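Tertiary structure, described
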Amino acid sequence: MDLEQIYILYFHDLYRYLFSLTRNHSETEDLIQETFTKAHIVLLTNDIKEIKPWLFKVGYYTFIDRTRKDKRYVFTEDFYQVDQNTPESVLVEKDSFEELLEYLDKIKPIEKQAILLCDFHDCTNQQAADILNLNLSTLKSHLARGRKKLRKILIEEETNGFL
């Protein structure tokens, strides 16, 4: 599979994942560019069997490298671009995604990553463990704890909303 096909297939998923980490449109675009540049270099000499989890791992480590370099996190109200037919559907998706990120920000970062990769980006537990460089059992623990905390937060929000 050539880089152009990989870009077309996985750009939106990778963009959403990296945006969930940065919460900044321009930062995410930079990370996407760096990720695909690194991917291109590796793909010239190597044959990668499972492209999507590998690409997410490259993106994740590109984010980590950038964060360590900058020693700061950037959170803004910027919005990712999606290909939808109507402005209404774009707005609904933007609001839902931002609301999800707000809830996920209330749990530990590693639990947030596990949930994003497994539940939102359809990675298998093993793929997510590989991306985050964790043992499978450790990933499962973080995923279960994160889901439990997220459920509790959502229940509290629901009951507080009706009082």
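First, a word on scope: everything that follows refers to the structure included in this document. These numbers come from a predicted model, not from an experiment. (Residues numbered from 1 in each chain as written. Predicted model: local features only at pLDDT ≥ 70, side-chain atom pairs only at ≥ 80, totals over all residues. Heavy atoms only, no water.)

Another point: the overall build of the chain. Broken down by element type, the chain carries 7 helices and 0 strands. Ordering the α and β elements of the chain from the N terminus gives α-α-α-α-α-α-α. For the chain, the exposed surface amounts to about 9900 Å²; the carbon and sulfur share of it is 52%. (Helix = DSSP H or I, 4+ residues; strand = E, 2+ residues; numbered from the N terminus. Areas by Shrake-Rupley, 256 points an atom, 1.4 Å probe, with all protein chains shown as cover.)

Two elements in contact, helix α1 (residues 3-22) and helix α3 (residues 51-70), have axes whose closest approach is 10 Å; the angle formed by their N-to-C orientations is 35 degrees. Seen from above, α1 lies across α3 with right-handed handedness. Between α1 and α3, the residues in contact are Ile 6, Tyr 10, Asp 13, Leu 14, Tyr 17, Leu 18, Leu 21 and Thr 22 and Ile 51, Lys 52, Leu 55, Phe 56, Gly 59, Tyr 60 and Phe 63, respectively. (Axes fitted to C-alpha atoms, helices over the stretch in contact; angles between N-to-C directions. Left-handed = near helix turned anticlockwise from the far one by under 90°. Contact = heavy atoms within 4.5 Å.)

Tallying each qualifying case throughout the model produces 11 salt bridges. In this structure, the salt-bridge partner of Lys 106 is Glu 157, at a minimum N-O distance of 3.4 Å. Of the two residues, Lys 106 sits in the loop between α4 (87-104) and α5 (109-120) while Glu 157 sits in helix α7 (residues 136-161), which places them 51 residues apart along the sequence. Residue classification places Lys 106 among the partly exposed residues on the basis of a relative accessible area of 48%. Its salt-bridge partner being Glu 111, residue Lys 149 comes within 3.2 Å of it at the nearest N-O pair. Pair noted here: Lys 149 is in helix α7 and Glu 111 is in helix α5, with a separation of 38 residues, a long-range link. The exposure class of Glu 111 is buried, given its relative accessible area of 0%. (Salt bridge = Lys/Arg side-chain N within 4 Å of Asp/Glu carboxyl O. Buried < 20%, exposed > 50% of the residue type's maximum accessible area, 1.4 Å probe, protein only.)

Right, let's talk about the nonpolar core for a bit. Core analysis: the biggest nonpolar cluster contains 41 residues, and Tyr 17, Leu 18, Leu 55 and Leu 117 have the highest contact counts within it. Elements represented by at least two residues in this core include exactly α1, α2 (25-45), α3, α4, α5, α6 (125-132) and α7. By residue number, the principal contributor to this core is α1, which donates 9 residues. Those residues in contact with Leu 55 that lie beyond four places of it in its chain are Ile 6, Tyr 10, Leu 14, Thr 35, Phe 36 and Ala 39. (Core = buried A, V, L, I, M, F, W, Y, C linked by side-chain atoms within 4.5 Å.)

So, on to the side chain of Lys 112. Relative to the helices and strands, Lys 112 is located in helix α5. For Lys 112, a relative accessible area of 8% translates into the label buried.

Here the focus is the packing of aromatic side chains. By the definition in use, this model includes 5 aromatic pairs. Each ring, one from Phe 11 and one from Tyr 15, has its centre 5.7 Å from the other, and the planes form 40 degrees; the classification is tilted. In this pair, Phe 11 and Tyr 15 both sit in helix α1, 4 residues apart, roughly one turn of the helix. An identical accessibility class is assigned to Phe 11 and Tyr 15; each is buried. Plain terms: the ring middles of Tyr 60 and Tyr 61 are 5.3 Å apart, the flat faces sit at 70 degrees to each other, and that makes the pair edge-to-face. Tyr 61 gets classed as partly exposed once you look at its relative accessible area, which sits at 29%. Here the aromatic residues Tyr 7, Phe 11, Tyr 15 and Phe 36 are joined through ring pairs into a cluster of three or more. (Phe/Tyr/Trp six-rings, centres within 6.5 Å; stacked < 30°, edge-to-face > 60°.)

With the exception of glycine, most residues fall at negative phi, and the peptide bonds are largely trans. Unlike most non-glycine residues, Arg 23 shows phi in positive territory, near 60 degrees. With respect to the helices, strands and loops of the structure, Arg 23 is situated in the loop between α1 and α2. Look at Arg 23 and you get buried, because its relative accessible area is 11%. Non-glycine residue Asn 133 carries a positive phi angle of around 60 degrees. Along the chain, the position of Asn 133 falls in the loop between α6 and α7.

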